[in-house]
Amino acid sequence: MKGWHKFPGLNRAGRWRLLGLALVLLCLCGCAAQPGSGGIEGTPWEKAQEDPSELLKQAKATQSLGKINEALFYYASYLEHDPQNAEVLAAVGEIHLAKKNLDLAQVALDMSLAADPKLAKTHELEGLLLIQRNEYAGARAHFEKAVDLDPKLWRAQNGLGMIADREGRFDAADKAYNAALNVSPRNTQVMNNLGYSRYLRGDFLGALSEVDQLLRLAPKYESAVLNRGLYLLRLGQEEEALADLKLVLSEADAYNNLGFLLMRDGQLEKARSYFEKAIAHSPHYHDLANKNLQNLARLEASQVSKP
């Protein structure tokens, strides 16, 4: 299995013991005690001890409440009764993925696929993990497998869209994002990605239309506000772009970020004026904005030296 190279010399049983030990240690550190402990009989933990299905029920319930350390404890206890349960192993992998424990997530997900190679959700989670590791070819393969098994997995469709954008396959990206929105309408993450996809293909008006639709649903979605500023800048609406940046950034941040975008766009004189405004507005930005000015000076010098 792909992720198990992280633990050379361990067979399958050894890897399971490693995962189980890691789960218990993480839960003990995070929870400080067994779930529901406190010396009172009849707690959810004590009831669950008597029935493995109750362990699973409590695992799902605590996970839905965001109590992921407690959920891990229940999942680990359940896996002692049913160590080959692919869905539970996938749930463990998903929690570790959320906690950025990528190696443990990889072990759990690989074990899940070993138990059931056709579990669509595990393929989706493998894809999400591999994107975090910048392994896009592997992520794409898992996402494609996931949507082949279950087209309703919006995160896999969204992931395929992101990878297609990265590869410049904008028609494929559009198709993937719209498939995700068919499953999860008004999904702000997907809508934001679709707008940025329009921007990447040079359709700035289309990008602006998408992000305006998104911001009507979620006016405080910071990433979308910043993207709107970018799209407005590309449409030549500099003052409007700055106003958008100021909605979510400090004034110095807004000046510095707009200067950076203008510098990247080749508008060097305008960029210089915004870096200088950032420096004047906030001493905190003296170093950062000056570094940007130095980069700008190098760009100007390189342009002068060209025949």
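About the cut-offs
Residues numbered from 1 in each chain as written. Predicted model: local features only at pLDDT ≥ 70, side-chain atom pairs only at ≥ 80, totals over all residues. Heavy atoms only, no water. Buried < 20%, exposed > 50% of the residue type's maximum accessible area, 1.4 Å probe, protein only. Helix = DSSP H or I, 4+ residues; strand = E, 2+ residues; numbered from the N terminus. Salt bridge = Lys/Arg side-chain N within 4 Å of Asp/Glu carboxyl O.

1. What to know about unusual backbone geometry
Okay, so step 1: Despite not being glycine, Lys100 shows a phi value in the positive range, around 65 degrees.
Okay, so step 2: By relative accessible area, Lys100 is classed as exposed at 57%.
Okay, so step 3: Within the chain, Arg186 stands out as a residue other than glycine whose phi angle is a positive 65 degrees.
Okay, so step 4: With respect to the secondary-structure elements, Arg186 resides in the loop between helix H10 (170-183) and helix H11 (188-200).

2. Considerations on the pattern of salt bridges
Okay, so step 1: Throughout the structure, instances matching the rule amount to 16 salt bridges.
Okay, so step 2: Residue Arg198 pairs with Asp174 through a salt bridge whose shortest N-O separation is 2.4 Å. Here the residue Arg198 occupies a position in helix H11, and Asp174 occupies one in helix H10, the gap between them amounting to 24 residues.
Okay, so step 3: Owing to a relative accessible area of 17%, Arg198 belongs among the buried residues under this scheme.
Okay, so step 4: Within this structure, Glu94, Lys121, Glu124 and Arg155 form a network of salt bridges that share partners.

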